[in-house]
Amino acid sequence: MVFPSKAFLSIFFVVLSSADASPLRPVAGKATLSFAARLNVRGAVNIAAADRARVQAMKQAGSMGKRAAKSSFSVTNAIVVYTAQVGVGSPATEYTLLIDTGSSNTWLGANASYSPTSTSVDTGSTVAVSYGSGSFSGEEYTDTVHLSTGLVISEQSIGVASSSQGFEGVDGILGVGPTDLTENTVSNFDVVPTVTDNLYSQGVIGTRALGIYFVPAAAPDSIGELTFGGHDSLKITSPVTYVPLTTTLPASNYWGIDQSISYGGSTILSETAGIVDTGTTLVLIASNAFSTYQTATGGVLDETTGLLKITSSQYAKLQNLTFKIGDRAYDLTPNAQIWPRTLNTNLGGISGVIYLIVADIGSNSGSGLDFINGYAFLQRHYSVFDTTNSQVGFATTIHTDDRSN
Ligand SMILES: *[C@@H]1O[C@H](CO)[C@@H](O)[C@H](O)[C@H]1NC(C)=O
Ligand SMILES: *[C@@H]1O[C@H](CO)[C@@H](O)[C@H](O)[C@H]1NC(C)=O
């Protein structure tokens, strides 16, 4: 459990579960790592505005071309963050690292300092990464990385921070995004191999794919799981169905897909491009679709949280919100469409009020990035980000129909 060292920063990490990362369980050609979800809340937050700021930045970077878009959109200012205990060196020292699919450098030293051992090699290169909401710079090493007991990566390129900003409460990042995002971050190297690249080249995994099992924040077992090399069949209740990445810009710069959305069986967003993003908390949809959703649900905008709020009788009438992706439909049930009520006050919301997790993306459809399936969607559906085959897959889980919110 971690708390801010300086109270005036007023950054609270609410530990939603205190269980430690469990030993890694190798599955044929795959490797699985458990993580804990935490709320990373800075007092009262307009959660919708925070998500909109992220998508604005992504759209702007996207409009400047593919190269510019490859700046990191990390989880550093996300509301819900995930951490894992990762060992580095021999014998290993344990560090608490943020798991980030939106950036790709793995580094430490933000809090606990790096203790070099016999496996630590200073490459002589410097490293610097800027994340929008934070940054670090330092020296690039290679070292042995223990993702958990039994799973060891040798000669992993890691950054060792000599200065960092915006990482109170964690030691650094486990970067599981695409390799390209390491471009121009380490001197003398074009790119550096990520943890996923090394797991692949060292023969531990057979595909550069990442399966993500998020669990509803309010669920009793709020421990997620990251599977390198594919999906974990123990965590899904349907086959994984894949769709190719979208070709529409700017969504195609990220994990972009095409989908349509309906509410109670009526289409509110015709098939269009958007993204799947672990660093976004809510489900964001184009303004025109949001307005139809607001009318259908009767939601009233709450100024503090930026979320729609509904009465309990409106909640009783809430219909499924259905995402048609490829040939399959994925539902967010009424309970999946509300913010976990036990966490209302963490956001500066009012206890007992029912807030919806669907928010306005800030522009009408046709922008090339008309929705974001964020954490609120991903905690109800298993997702697979497959770099080797340029596709994204989804499956249902035992939490798809949860009533935990
Ligand atoms: C920072 O690291 C020290 C050990 O070096 C540890 O005792 C302390 O709990 C850590 N603080 C945070 C906020 O992680
Ligand atoms: C809503 O979605 C859930 C989960 O997929 C499903 O079990 C249920 O039948 C759906 N309800 C309606 C009215 O379609």
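About the criteria used
- Residues numbered from 1 in each chain as written.
- Chains lettered and ligands numbered in written order.
- Predicted model: local features only at pLDDT ≥ 70, side-chain atom pairs only at ≥ 80, totals over all residues.
- Heavy atoms only, no water.
- UniProt positions renumbered as here; feature names shortened; annotations may be inferred.
- Salt bridge = Lys/Arg side-chain N within 4 Å of Asp/Glu carboxyl O.
- Helix = DSSP H or I, 4+ residues; strand = E, 2+ residues; numbered from the N terminus.
- Buried < 20%, exposed > 50% of the residue type's maximum accessible area, 1.4 Å probe, protein only.
- Pairing = 2+ DSSP bridges.
- Contact = heavy atoms within 4.5 Å.
- Axes fitted to C-alpha atoms, helices over the stretch in contact; angles between N-to-C directions.
- Phe/Tyr/Trp six-rings, centres within 6.5 Å; stacked < 30°, edge-to-face > 60°.
- Polar contact = N/O pair within 3.5 Å; in protein donor to acceptor, adjacent residues only side chain to side chain.

An unreviewed UniProt entry annotates the protein chain as Acid protease originating from Suillus plorans. In its Sequence similarities (unreviewed entry) section, the UniProt record describing the protein chain reads: "Belongs to the peptidase A1 family."

A few words now on the pattern of salt bridges. Counted according to the given criterion, the structure contains 4 salt bridges. Between R54 and D277 there is a salt bridge; the shortest N-O distance is 2.7 Å. With R54 in helix α1 (residues 47-63) and D277 in the loop between β15 (266-276) and β16 (283-285), this residue pair connects regions lying 223 residues apart in the sequence. Taking relative accessible area as the criterion, D277 reaches 7% and is therefore assigned buried. For K235, the salt bridge identified is with E225, shortest N-O distance 3.8 Å. Separated by 10 residues along the polypeptide, K235 in the loop between β12 (223-228) and β13 (241-244) and E225 in strand β12 bring together distant segments of the chain.

On to unusual backbone geometry. Geometrically, the link from S90 to P91 is a cis peptide bond, its omega value of -5° lying close to zero. Within the secondary structure, P91 is located in the loop between β4 (80-88) and β5 (93-100). Note the cis peptide between L249 and P250, where omega equals -5°. Considering the arrangement of structural elements, one finds P250 in the loop between β13 and β14 (256-263). Although it is not a glycine, N188 adopts a positive phi angle of roughly 70°. Examined against the element boundaries, N188 turns out to sit in the loop between β10 (172-175) and α3 (195-201). Overall, N188 belongs to the exposed group, its relative accessible area being 71%.

Turning next to the sheet that holds strand β17 (residues 300-301). Within a sheet, each strand pairs with its neighbour through backbone hydrogen bonds, oriented either parallel or antiparallel. One open sheet accounts for 3 strands, arranged β17-β18-β21; its pairing is antiparallel. In this open sheet, the two edge strands, each paired with only one partner strand, are β17 and β21 (354-355). Contacting β17 and β18 (308-310), helix α4 (residues 287-297) crosses the sheet at an angle of about 15° to β18.

Centre distance and the angle of the planes are the two values used to describe a pair of aromatic rings. Enumeration according to the criterion identifies 14 aromatic pairs in this entry. Ring centres of Y82 and F214 lie 4.4 Å apart, and the angle between their planes is 25°; this geometry places the pair in the stacked category. With a gap of 132 residues between them, Y82 in strand β4 and F214 in the loop between β11 (209-213) and β12 connect regions that are remote in the sequence. On the accessibility criterion, Y82 (3% relative accessible area) is buried.

Here the focus is the UniProt feature "active site" (unreviewed entry) in the protein chain. Sites flagged by UniProt as "active site" (unreviewed entry) map to D100 and D277. Across 178 residues in sequence, these annotated residues keep their C-alpha atoms within 10.5 Å of one another, forming a single compact spot. Assignment of secondary structure puts D100 in strand β5. Side-chain polar atoms of D100 contact the side chain of S103, separated by 2.8 Å. Sequence-distant contacts of D277, that is, excluding residues within four places in its chain, are made with R54, M58, I372, N373, G374, Y375 and L378.

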